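Each chain is listed here by its residues.
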Amino acid sequence: MKYLNAVLALAFVAVASASAALEKRALTPVTITGNAFMVGSTRFYIRGVDYQPGGSSDPVDPLANPTTCQRDIPYFKQLGINTVRVYTIDNTANHDACMNALADAGIYVALDVNNYKYSINRAAPAASYNAVYLQNVFAVIDAFAGYTNTLLFFSGNEVVNDPTNTDCAPFIKAVDRDMRAYIKARKYRSIPVGYSAADVTSNRYQLAAWMNCGNATDRSDFFSFNSYSWCDPNTFVGSGWSDLVALYSNYSIPLFLSEYGCNENPPRPFQEVQALYSTQMTSVYSGGLVYEWSEEADNPNFGLVNINSATAITPKTDFNNLMAMYKANPSPTGDGGYKTSGTPLECPPQSPNWNVSTSVLPVMPVSAQYYFSNGAGKGPGLSGPGSQTSGATAQGPGVPASAASGTSTSSSSSGTATPAKSAAGGNLKGQEGASSFALMAAVVAVSFLVGATGSL
């Protein structure tokens, strides 16, 4: 009996420890009500930074490097942010350490699902919208759906960047639609999916309307855009931000700034923070993300910190200025004037700045349907060959021969089937596994004792 008691006590401690670790790492997932993000019944405002150490010249996944996260997260907490946006994700890497550490710090993550190899090519959108590309997108979703601090997914970033390539818009929206359909098919929680638009005034509103028109299954969960029009010293009216509020006052889904922080007059005082988190804007906007965390050679005078080494950084004046503005301008109490419901917009008519003549979206490549039932499987990571020119001749991984004959209005790919892969673990799934393992170990131990002694 004493052996049994000892074993059960150890099992209880193991299960309790695993459950405590699970609770520690779980943040309440962000949801959407009307045109606002919510945590439970409380309005959630994005107060964050765009986080891509190394910049576009060194596209690596910062969430796959625990040393980088250990270095930067204490400064995130000091700055007072609740969100980071990451542009480059390796869907083959393990992200548990960084995502759990961010959750412990109360920080959510906004993720781009594309990278420079796997994305919609604005010069050839139809060919680049294929099953090889979608497999990479779905693999990113698999890798992060299990984390409660995954805030949202960006279906694209600045794909449309002038009036000549608005023909990309149907393909952007098709990816957006496919991502939501995949999340639903895989029975993940409802993680918001939307787009990050370029700061192009000639068609930005048309693109916003386009992403929030048509069938319910086609419309985005949110819309965001990159804005650098407030260059200090300036004012709410002088910067044109008052116009941005009036323009989108009838927008029925959450809207936020996916990049902001004009650097024409460094160091930046970030006076726009006062307006962004005031009731001047919160009825329409849900905060924003400052560009960017680290000083990079390819984008000088945008960084909040200088990276000295793998383990050390030095905050710049911009960091201290932003920290002071965050402290002086907390998010409003109450609901901030958000709309609990609203009406989607009409799809924009074709015009010289908007070369889209129909609301009908490209049909998803038939061979990509396989992933809805079986999961995306192992993603290509950052070392894959890319997908932009895959088109109809691509050999998409994980696609059975029975699906290879399908066609679509855009492009398709085919290949051979690979074993289905379950959804990637996160801060919930990993800890549930630990609890189950501890309980299993206890049962095995008890069975062993019973067999050895013949009694309890």
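Residues numbered from 1 in each chain as written. Predicted model: local features only at pLDDT ≥ 70, side-chain atom pairs only at ≥ 80, totals over all residues. Heavy atoms only, no water.

Undergrad: Where do I start with the overall build of the protein in this structure?
TA: When its secondary structure is counted, the protein shows 12 helices and 13 strands. When contacts within the protein are restricted to residue pairs at least 6 apart in sequence, long-range pairs at least 24 apart make up 79% of them. Surface summary for the protein: the accessible area is close to 18,200 Å², and the carbon and sulfur share equals 56%. (Helix = DSSP H or I, 4+ residues; strand = E, 2+ residues; numbered from the N terminus. Contact = heavy atoms within 4.5 Å. Areas by Shrake-Rupley, 256 points an atom, 1.4 Å probe, with all protein chains shown as cover.)

Undergrad: What am I meant to see in the nonpolar core here?
TA: One broad rule of soluble globular proteins: the nonpolar side chains tend to lie buried together. One finds Phe-153 and Tyr-285 to be the most contacted residues of the largest nonpolar core, which totals 99 residues. Ranked by the residues each element gives to this core, the list is headed by helix H5 (residues 131-144), at 11 residues. Apart from residues no more than four positions distant in its own chain, Tyr-285 is found in contact with Arg-43, Tyr-45, Phe-225, Leu-244, Val-245, Tyr-248, Leu-255, Phe-256, Leu-257 and Leu-276. (Core = buried A, V, L, I, M, F, W, Y, C linked by side-chain atoms within 4.5 Å. Buried < 20%, exposed > 50% of the residue type's maximum accessible area, 1.4 Å probe, protein only.)

Undergrad: I keep staring at the packing of aromatic side chains and nothing clicks. Help me out?
TA: To describe a pair of aromatic rings, you give the distance between the ring centres and the angle between the ring planes. Counted according to the given criterion, the structure contains 31 aromatic pairs. Relative to Tyr-248, the ring of Tyr-205 has its centre 5.5 Å away and its plane inclined at 50°; by these criteria the two rings are tilted. Of the two residues, Tyr-205 sits in helix H7 (residues 204-211) while Tyr-248 sits in the loop between helix H8 (241-247) and strand E10 (255-260), which places them 43 residues apart along the sequence. Exposure remark for Tyr-205: the relative accessible area of 26% places this residue in the partly exposed category. What links up through ring pairs into an aromatic cluster is the set Tyr-195, Tyr-205, Phe-223, Phe-225, Tyr-248, Tyr-251 and Tyr-285. The aromatic ring of Phe-225 is capped on one face by Arg-204, whose charged end is 4.6 Å from the ring centroid. (Phe/Tyr/Trp six-rings, centres within 6.5 Å; stacked < 30°, edge-to-face > 60°. Lys NZ or Arg CZ within 6 Å of the ring centre and 35° of its normal.)

Undergrad: Honestly, H7 in this entry has me stumped. Any pointers?
TA: Helical periodicity: at 3.6 residues per turn, an α-helix aligns residues three or four positions apart in one direction. The element H7 is extensively covered by neighbouring structure, given that six of its eight residues are classed as buried. Among the residues of H7, Arg-204, Leu-207, Ala-208, Ala-209, Trp-210 and Met-211 are the ones counted as buried. Against helix H6 (169-185), strand E8 (193-197), strand E9 (222-227) and H8 lie the buried residues of H7.

Undergrad: Is there a simple way to explain the side chain of Thr-148 in this structure?
TA: Tracing the backbone through its elements, the reader meets Thr-148 in the loop between H5 and strand E7 (150-157). Take Thr-148: its relative accessible area is 4%, and that puts it in the buried class. A polar side-chain atom of Thr-148 sits 2.9 Å from the main-chain amide nitrogen of Leu-27. (Polar contact = N/O pair within 3.5 Å; in protein donor to acceptor, adjacent residues only side chain to side chain.)

Undergrad: How should unusual backbone geometry be read in this particular structure?
TA: Excluding glycine, residues mostly carry a negative phi; peptide bonds, for their part, are mostly trans. Residue Pro-233 is bonded to the preceding Asp-232 through a cis peptide linkage, with omega at -5°. For Pro-233, the location among the structural elements is in the loop between E9 and H8. The residue after Tyr-291, namely Glu-292, is reached through a cis peptide bond having omega -5°. Along the chain, Glu-292 falls in the loop between strand E11 (287-290) and strand E12 (305-307).

Undergrad: What am I meant to see in the state of the cysteines here?
TA: Two cysteines form a disulfide when their sulfur atoms are joined by a covalent bond. Enumeration over the complete set of coordinates arrives at three disulfides. The partner cysteine of Cys-213 in its disulfide is Cys-347, sulfur to sulfur 2.0 Å. The sign of the S-S torsion, about 95°, decides the handedness of the disulfide formed by Cys-213 and Cys-347: right-handed. Here Cys-347 lies in the loop between helix H10 (317-328) and helix H11 (369-374) and Cys-213 lies in the loop between H7 and E9, a separation of 134 residues in the sequence. (Disulfide = S-S within 2.5 Å.)

Undergrad: Teacher, can you tell me more about the sheet that holds E8 here?
TA: Working definition: the strands of a sheet are paired by backbone hydrogen bonds and lie parallel or antiparallel to each other. The parallel closed barrel is built from eight strands, whose spatial order is E4-E5-E6-E7-E8-E9-E10-E11. On average, each strand axis in the sheet is inclined to that of its neighbour by 25°, with strand direction left out of account. Pairing of strand E4 (residues 46-50) with E11 involves four bridges; the strand directions are parallel. Bridge pairing links Arg-47 to Gly-288 in E11. Across the face of the sheet, H7 comes into contact with E8 and E9 while running at roughly 165° to E9. (Pairing = 2+ DSSP bridges. Axes fitted to C-alpha atoms, helices over the stretch in contact; angles between N-to-C directions.)

Undergrad: Explain the pattern of salt bridges to me, please; I cannot follow it from the model alone.
TA: Side chains that differ in charge, positive against negative, can pair when their charged atoms come close. Applying the stated criterion across every chain, the model contains seven salt bridges. The residue Arg-71 makes a salt bridge to Asp-72 at a minimum N-O spacing of 2.7 Å. The pair Arg-71 / Asp-72 is uniform in exposure class, with both members buried. Its salt-bridge partner being Arg-85, residue Asp-112 comes within 2.8 Å of it at the nearest N-O pair. Within this pair, whereas Asp-112 is found in strand E6 (residues 108-112), its partner Arg-85 is found in strand E5 (residues 83-86), the two being separated by 27 residues in sequence. Neither Asp-112 nor Arg-85 differs from the other in exposure class; each is buried. (Salt bridge = Lys/Arg side-chain N within 4 Å of Asp/Glu carboxyl O.)

Undergrad: Would you take a moment to explain the sheet that holds strand E1 (residues 30-33) for this structure?
TA: Strand order in this open sheet of three strands is E1-E2-E3, and the pairing throughout is antiparallel. Here the strands that pair on one side only, and so sit at the sheet edges, are E1 and strand E3 (42-44). If you compare each strand with its neighbour and ignore which way they point, the axes differ by 50° on average. By the bridge criterion, four bridges tie E1 to strand E2 (residues 36-39) in an arrangement that is antiparallel. From the neighbouring strand, Thr-31 faces E2, where its bridge partner is Met-38.

Interpretation note: all reported values are geometric properties and have no functional meaning in isolation.
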